[in-house]
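# Coordinate analysis (summary)
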Amino acid sequence: MPHAKLTLSRTLTPVRTLVITALAFALLALSPAAEANAKAIKKTPPNFFGVVGDGPLFNAGFDLGAQYSRMVSTGVQSMRTVFNWAAMQPYQTFEEIPEEQRSRFRDEGGVPTDYTELDRLVSGAAQRRISLLPVIMVAPRWAARHPGQFASPPTDPEQYAAFAGALARRYGPGGSFWSEHTELIRMPIRSWQFWNEPSFNTFWSDQPFAEDYVALLRASRAAVKAVDPRATIVLAGLPNKSWSSLEKIYKAGGRKLFDIAAFHP
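Keep in mind that what you see is a predicted model, and the values were worked out from it rather than measured.

Conventions used here
Along each chain, numbering runs from 1 in the same order as the chain's sequence is written. Given that the model is predicted, a residue must reach a pLDDT of at least 70 before its local features are reported, and side-chain atom pairs must reach 80 or more before they are shown or counted; all residues, however, enter totals for whole chains, interfaces and linings. For the side-chain quantities, the full set of heavy atoms in the structure was used; hydrogens and water were omitted. For the purposes of this entry, the term helix denotes a DSSP run of H or I that reaches at least four residues, the term strand denotes a run of E that reaches at least two, and both are numbered from the N terminus. Exposure categories follow from relative accessible area, calculated using a 1.4 Å probe and restricted to protein chains: below 20% of the type maximum is buried, above 50% is exposed, and the middle band is partly exposed. Contact criterion: two residues are considered in contact whenever any of their non-hydrogen atoms come within 4.5 Å of each other. To estimate how far a helix should extend, the number of its residues minus one is multiplied by 1.5 Å. Whenever Lys or Arg places a side-chain nitrogen within 4 Å of a carboxyl oxygen from Asp or Glu, that contact is recorded as a salt bridge. Inter-axis angles, ranging from 0 to 180 degrees, are taken between N-to-C directions of lines fitted to C-alpha atoms, where helices are fitted over the stretch in contact. Note on terminology: angles under 35 degrees are roughly parallel, angles over 145 are roughly antiparallel, angles of 65 to 115 are roughly perpendicular, and the others are oblique. Left-handed describes a crossing whose near helix is turned anticlockwise from the far helix by less than a right angle; the clockwise case is right-handed. Each residue is assigned to one of three groups, with Ala, Val, Leu, Ile, Met, Phe, Trp, Tyr, Cys and Pro labelled nonpolar, Asp, Glu, Lys and Arg labelled charged, and all others, Gly among them, labelled polar. Strand pairing requires that DSSP identify at least two bridges connecting the strands. Remark: nonpolar core denotes a set of buried residues (Ala, Val, Leu, Ile, Met, Phe, Trp, Tyr, Cys) joined through side-chain atoms within 4.5 Å. Here a polar contact is taken to be a pair of N or O atoms separated by no more than 3.5 Å, where protein atoms must pair a possible hydrogen donor with a possible acceptor and residues adjacent in sequence count only if both atoms sit in side chains.

To continue, consider the overall build of the chain. For the chain, the helix and strand inventory stands at eleven helices and nine strands. Looking at the 265 residues of the chain, the share that counts as buried comes to 48%. Of all intrachain contacts in the chain linking residues separated by at least 6 positions in sequence, the fraction that spans at least 24 positions is 70%.

Quick look at the structure:
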């Protein structure tokens, strides 16, 4: 296992495969030159070119399909995007759901879960053979240590882990999504990233972060691996002095809990 001996080139793998946001958007801006670049694109390894897709890309009424098609035309092969826990499990119990919304929710271990928008995202990516790297984050009010705060850590890492496991059961190998959508070529999600930049209070309000984050990492790894033993666990992106944050994660016991380290230079 490479966890304790990741080389620099190994740890930069997410940067190569998913690319930095600025480069990703630069690629999208190159559509007039797409034909000229076609030969170069064909020579690149699978998933070499990627984008970070969030924000207005998923606003109601936004043409997600057209954006996917534009990605493909410029050589994009992968997308890193947030799987928003708060948006998918806004209620802790079915009794809390307004009557007019209940048809959208499924039971995941007793927690009502709305896959509507995520199904649309995954379906569009599969149709165009774009692989996805989910970043699972944003605790719903009922599961947040500080309800209503975007950057709040979960109160209980096991609740986050249960959600991660549910996502693997839906979109991983043998997932219910693929059984329900036999018209699609299966592109099961095999890599999962747990949270984003926990060393910044912008994303993880309670600092120091390491012990809390490692508890979440440990529980979530176990939940996903129970569904897909060959799943790849991606450490939350570590920005700026990432080596210092990585050392803190190691000291908190996280050394063997991930397969790929993600750095945000």
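Here helix H8 (residues 157–171) contains 15 residues, and its C-alpha end-to-end distance of 21 Å stays within 8% of the 21 Å for a straight helix at 1.5 Å per residue. Every buried residue of H8 is accounted for by Tyr160, Ala161, Phe163, Ala164, Gly165, Ala166, Leu167, Ala168, Arg170 and Tyr171.

With that settled, the discussion passes to the pattern of salt bridges. Within the structure shown, the criterion is met by 13 salt bridges. A salt bridge links Asp259 to Arg221; the shortest N-O distance between them is 3.8 Å. With Asp259 in the loop between helix H11 (242–251) and strand E9 (263–264) and Arg221 in helix H10 (residues 210–227), this residue pair connects regions lying 38 residues apart in the sequence. When its relative accessible area of 15% is taken as the criterion, Arg221 is described as buried. Lys251 serves as the salt-bridge partner of Glu247, at 3.5 Å between the closest nitrogen and oxygen. With a gap of four residues between them, Glu247 and Lys251 both fall in helix H11, about one helical turn apart. By relative accessible area, Glu247 is classed as partly exposed at 45%. Among the residues examined, Lys251 registers a relative accessible area of 68% and is labelled exposed. Residues joined by salt bridges that share partners form a network here, namely Arg106, Asp119, Arg170 and Glu180.

Turning to its location among the elements, Pro198 is positioned in the loop between strand E6 (191–194) and H10. Sequence spacing of Pro198 and Tyr213 is 15 residues, and the spatial spacing of their C-alpha atoms is 7.2 Å.

This part takes up the packing of helix H7 (residues 116–127) against H8. Interhelical geometry of H7 versus H8 gives an angle of 45 degrees and a closest axis separation of 12 Å. On the basis of the axis angle, H7 is oblique to H8. Here the hand of the crossing between H7 and H8 comes out right-handed. Residue-level contacts link Leu118, Asp119 and Val122 of H7 to Leu167, Arg170 and Tyr171 of H8. When grouped by side-chain class, the residues that make up the contact of H7 with H8 number four nonpolar, no polar and two charged.

To continue, consider the sheet that holds strand E2 (residues 78–84). The strand order E1-E2-E5-E6-E7 describes an open sheet built from five strands, whose pairing is parallel. Strands at the two margins of the open sheet, each flanked by one partner only, are strand E1 (50–52) and strand E7 (232–234). The average angle at which neighbouring strand axes cross in this sheet is 25 degrees, direction not considered. Pairing geometry for E1 and E2, over three bridges, is parallel. Bridging from a neighbouring strand, Val51 pairs with Met79 of E2. Against the sheet, H7 makes contact with E2 and strand E5 (131–137), and its axis sits at roughly 170 degrees relative to E2, the strand it touches most. Running over the sheet, H8 touches E2, E5 and E6 and is turned about 160 degrees from E6.

Each neighbour pair has its own omega, and for Gln207 with Pro208 the value is 0 degrees, a cis peptide bond. When you line up the elements, Pro208 lands in the loop between E6 and H10. For Val138, which is not glycine, the phi dihedral falls at a positive 75 degrees. Along the chain, Val138 falls in the loop between E5 and H8.

As a further point, take the nonpolar core. With 63 residues, the main nonpolar core has Phe83, Leu167, Tyr171, Trp192, Phe194 and Tyr213 as its most contacted residues. By residue number, the principal contributor to this core is H8, which donates seven residues.

This part is about the side chain of Thr81. Residue position: Thr81 is located in strand E2. Polar contacts involving the side chain of Thr81 include one to the side chain of Asp54, which spans 3.3 Å. Those residues within four positions of Thr81 in sequence are excluded, and the remaining contacts are Gly53, Asp54, Phe58, Leu121, Leu133, Pro134 and Val135.

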